[in-house]
Amino acid sequence: MKNSQYFDIDYYDNLINTSEPFYKEPKLTPMKQQYANIKKQYPFDIILFQRGNFYMAYDEDARYVKQIVDCNWKEFEKSIGIHEQQLEKSIYELVIRNRKVVLCEQVSDYYAWDDNNLIPRQITGIYSKGLIGFGVLQTNDQSIILISEHQGEYLVVDSIQKTTQNTMRQQVKNKLKQSSTFHQGMEIDALDQLVNYFEERKINGVSQLYFYDSGFNCCLTKKFCYISEKTIKNLFFKQLFIASTKDGQIKIDQILQKPLLDFKDRNQIMKDLSQIKLYRDKFQQNIKNIGNLRRKVGQIYNQKKNYLKLKEILEDLRKVSWSIDSNIISNQGLFKSEYLQQITLNTDDISEFESQIIWEGENQEIPTPAINREKYLDLQVKIDSQWDLAFQEFSIKKQEFFNQDPRVTITKNYEIEVPEELDRNGLIFSSKRKGFKRFKTEILINAEKQETIHKAKLNHFIAEFYDSLRIKFIEKSNTWMKIVELMAQLDAFSTLSRYLEDDPESCFPEIQDQGIQFKLMRHPIILGTPNDLQLNDTMIITGVHGAGKSTILRAVALNIILAQIGCRVPCKQMKFNSVQGILSRMGGQDSLTRSTFEIELMEVKQMLNKHNYLLLIDELGRGTSSIDGHSIAYALLKYMLEKQKSLILFATYYDIDLADNYYMENYTLKKGKRIYNLTYNMFQIQSF
């Protein structure tokens, strides 16, 4: 076998079908041993191991992450570091490539080092493609969609085979009946993630599970516009909105992936928040440094001792509640939105919780009971009395042996520190430092011993009190999560309401019965050349390379998404009827097992028999010969026009006369058709 720090790759590959991978046990540093122990539990998953502000991947994990994520690579350590600000985005990039990510975070601050100078770490999250928030999975006629409904939102969890539906349903019920905590065992699929999601939020969620056939004719499509993962990747090549908090940013990402079919109240939310611009901006400024509050609250559920984290969370909850109340709820009389009018916030639980604690210690970091403090105060008096006794003994010895020499002092370890040159007969030597020696007496030794005993009792008393606080905190979890969810929603809506707020060439969309009509439409990210566009059923767009065909396809789709999430759109005027979903076939892509042509056909197959969808088709047939590509493009478009009612934007180099023809020139859309025989022109130039 080859010498490898963790495991031999060649040998590991040979054992890939065995139940247990082979691991070597070299002598490791305490931190590397901590990492290796976690890797043993999750050998096939990517471990992101927190070190300060960075999350590290090592060895084979690092080599894979390096191909996906743009971050710092250290060849000599075989490691790669992801900054905490890029963590959510990086996890998403890994998860959509069917990799499971195990997040291992520091659960205490630096003062909490153990005997090996090692910061305690725990697994705080396991992310897979089935995890809530990562979009709809691809399904087929033989599978079903598993959906959870919570607080009025439908969350797509996973797709499973129809034949295993009953088994899966019973498995979920059995798991929800168990009392296991969030991170016990090895979660291996999306159903485990769902169980964890319910348990973490204390949701009794068996009745909230729904199983639907994969035709999307379910409650999900009655509320949301479906956007495929591929389409999201094609459209959002740059982050459009930046929220003030991580919770708000996560909520924005969810909103962008789930545009509404009925977005009237969402439009009104944006208008109402713009009306109180000063208060809205003040609210976002107040919560700017909160961080990921949902994760902080979850850490209290899973950590048995983290006093400062509890204090930080209570302060954050109080700050968030105060900011919502003073900036949003206080202006409810001005709102027309039903959502904003119905916002309520009860801070009694926070006040009641805070009233039970008096924070003690040099940095106010130790929780002590505000009620029935007799035992705490008694132990504190006993500790102080030992110090008083020790100081009295020190004063006597200082007078007796050293004639009140000011250089003679007492240390916090009950030692009398004296210069080396002074006489010190009659004292018990303890320790020394440069130029000084330290001594004790029997009284000082006994005082230190008694103080240690009383401090141990005090620490045990505080730990028991903290455990009782933690139990009460978990019991109030619905209150905390309501505050976190409300903060995330208001932060997300506030961020969305700021988009194009001061742009005179922007507007809120108007509703019409069918089709789409744009006046001076711009790309939401580029904000470049404006174009007028009217799409009633199908538009064929031609033009040379770089003329802007793909750009205008993305612009139309992005404007529709912005409209259906309730935002302003970068148009002078926009009229449309909401679409049921958006699918795309754009760009060239292949894999080890599938050619570009096969991937094209698979993407197009998903578009067939879809009604009231926006379909974006860019250069179909590029993966095969020109004659075959032209035939496929023509036949597909003809079938869609005859068999289904959807809005189609079809960009091509082929000469097709099945619908209205337009062409792009310098990012400007013009009526007509312009097909260039590029090969012929190239030969003409060459011969010239």
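The rules behind each value
- Numbering of residues starts from 1 in every chain and runs along the sequence as written.
- Totals for whole chains, interfaces and linings use all residues, but because this is a predicted model, local features are given only for residues with pLDDT of at least 70 and pairs of side-chain atoms are given and counted only at 80 or more.
- Processing note: side-chain calculations cover all non-hydrogen atoms of the structure and skip hydrogens and water entirely.
- Aromatic contacts are taken between Phe, Tyr and Trp rings whose centres are within 6.5 Å, Trp giving its six-membered ring; a plane angle under 30 degrees counts as stacked, one over 60 as edge-to-face, and the others as tilted.
- Secondary structure elements follow DSSP: runs of H or I of four or more residues count as helices, runs of E of two or more count as strands, with numbering from the N terminus.
- With a 1.4 Å probe rolled over the protein chains alone, any residue whose accessible area is under 20% of its type maximum counts as buried; one over 50% counts as exposed, and the rest are partly exposed.
- A pair of strands is treated as paired once DSSP finds two or more bridges between them.
- Here a residue-residue contact requires only that any non-hydrogen atoms of the pair lie within 4.5 Å.
- Under this scheme, a helix contributes an axis fitted over its contacting stretch, all axes are lines through C-alpha atoms, and angles between N-to-C directions fall in the 0 to 180 degree range.
- The labels follow the angle: roughly parallel below 35 degrees, roughly antiparallel above 145, roughly perpendicular from 65 to 115, and oblique for the rest.
- In the scheme used here, Gly and all other residues not listed as nonpolar or charged are polar, with Ala, Val, Leu, Ile, Met, Phe, Trp, Tyr, Cys and Pro taken as nonpolar and Asp, Glu, Lys and Arg as charged.
- A carboxyl oxygen of Asp or Glu within 4 Å of a side-chain nitrogen of Lys or Arg is what we treat as a salt bridge.
- To define a nonpolar core, start from buried Ala, Val, Leu, Ile, Met, Phe, Trp, Tyr and Cys residues and group those joined through side-chain atoms within 4.5 Å.
- Helix crossings fall into two classes, left-handed where the near helix is turned counterclockwise from the far one by less than a right angle and right-handed where it is turned clockwise.
- Side-chain atoms alone can form a polar contact between residues adjacent in sequence; in general such a contact is a pair of N or O atoms within 3.5 Å, and within protein one must be able to donate a hydrogen while the other accepts it.

Across all of its chains, the model carries 13 aromatic pairs by this definition. Taking 5.5 Å as the distance between ring centres and 90° as the angle between the ring planes, the aromatic pair formed by Y339 and F493 counts as edge-to-face. Taken together, the residues span a long stretch of sequence, with Y339 in helix α14 (residues 338-341) and F493 in helix α18 (residues 477-498) at a distance of 154 residues. For F493, a relative accessible area of 7% corresponds to the buried category. With a centroid separation of 6.2 Å and 45° between ring planes, the pair formed by F401 and F402 is classed as tilted. F401 sits in the partly exposed class, given a relative accessible area of 26%.

Looking now at the sheet that holds strand β14 (residues 416-419). With antiparallel pairing, 4 strands are arranged side by side in an open sheet as β13-β14-β16-β15. The sheet terminates laterally at β13 (409-410) and β15 (428-433), the two strands that pair on one side only. The pairing of β13 with β14 spans 2 bridges and is antiparallel. Bridging across to β14, I410 finds its partner in I416. Lying on the sheet, helix α17 (residues 442-475) is in contact with β14, β15 and β16 (436-440); it crosses β16 at an angle near 80°.

The next point concerns the packing of helix α11 (residues 277-286) against helix α13 (residues 307-327). At a minimum axis separation of 9 Å, α11 and α13 run at an interaxial angle of 175°. On the basis of the axis angle, α11 is roughly antiparallel to α13. Of the residues in α13, those in contact with Y279, K282, F283 and N286 of α11 are K319, W322, S323, I324, S326 and N327. Grouping the amino acids of the contact of α11 with α13 by side-chain chemistry returns 4 nonpolar, 4 polar and 2 charged.

The side-chain alternation of β14 yields two buried faces, one formed by I416 and V418 and the other by E417 and P419. Bridging between β14 and β16 involves 4 bridges; their strand directions are antiparallel. From the neighbouring strand, P419 faces β16, where its bridge partner is F436.

Peptide bonds are, in most cases, trans, and in most cases residues other than glycine have a negative phi. Backbone geometry places N372, a non-glycine residue, at a positive phi of 55°. Structurally, the position occupied by N372 is in the loop between β12 (366-369) and α16 (374-402). Backbone geometry at Q404 places phi at a positive 60°, although glycine is not the residue there. Examined against the element boundaries, Q404 turns out to sit in the loop between α16 and β13. Using a relative accessible area of 40% as the deciding quantity, one classes Q404 as partly exposed.

What follows covers the pattern of salt bridges. One pass over the full model with this rule turns up 28 salt bridges. A salt bridge links E105 to R295, with the shortest nitrogen-to-oxygen separation between them at 3.2 Å. Residue E105 is located in strand β5 (residues 101-106), and its partner R295 is located in helix α12 (residues 293-302); the two are separated by 190 residues in the primary sequence. Side by side, E105 and R295 carry an identical accessibility label, which is buried. Put simply, E505 and K572 hold a salt bridge, and the shortest N to O gap is 3.7 Å. In this pair, E505 sits in the loop between α18 and β17 (510-511) while K572 sits in the loop between α19 (549-564) and β21 (573-576), placing the two residues 67 residues apart along the sequence. According to the relative accessible area criterion, E505 is partly exposed, its value standing at 31%. Overall, the relative accessible area of 39% leaves K572 in the partly exposed class.

What follows deals with the nonpolar core. Ranked by internal contacts, the top residues of the largest apolar core, which has 104 residues, are F241, F473, I560, M574 and L614. Beyond its immediate chain neighbours, meaning those up to four positions away, I560 contacts I516, M574, F576, V579, I582 and L614. Counting 17 residues, the second-largest nonpolar core is a separate cluster that includes L583, L615, L637 and Y654.

Moving on: the sheet that holds strand β19 (residues 531-535). The strands making up a sheet associate through backbone hydrogen bonding, with each pair oriented either parallel or antiparallel. One open sheet accounts for 4 strands, arranged β17-β21-β18-β19; its pairing is mixed. Both outer strands of the open sheet, β17 and β19, are each paired with one neighbouring strand and no more. Pairing between strand β18 (residues 516-521) and β19: 4 bridges, direction antiparallel. Bridge assignment links I516 to a residue of β19, and that residue is L535. Packed on one face of the sheet, α19 meets β18, β19 and β21 and runs near 105° to β18.

Moving on, we get to the packing of α16 against α17. It is the contact of α16 with α17, at a shortest axis distance of 9 Å, that shows an interaxial angle of 165°. The angle between the axes of α16 and α17 places the two elements in the roughly antiparallel class. For the crossing formed where α16 meets α17, the hand is left-handed. Between α16 and α17, the contacting residues are K375, Y376, L379, Q380, K382, I383, Q386, L389, A390 and E393 on the first element and I443, L444, A447, Q450, E451, H454, K455, K457, L458 and F461 on the second.

In this structure, I276 sits in the loop between α10 (264-275) and α11. Its relative accessible area of 4% is what places I276 among the buried residues. Dropping the residues within four chain positions of it, I276 is found in contact with N327, I328, N331, L334 and F335.

Our focus in this paragraph is the side chain of E105. For E105, a relative accessible area of 3% translates into the label buried. Among the polar contacts made by the side chain of E105, one reaches the side chain of Y55 at a distance of 2.6 Å. Engagement of the side chain of E105 in a polar contact is seen with the side chain of R295, the distance being 3.2 Å.

Read these as layout, nothing more, since geometry by itself doesn't imply function.
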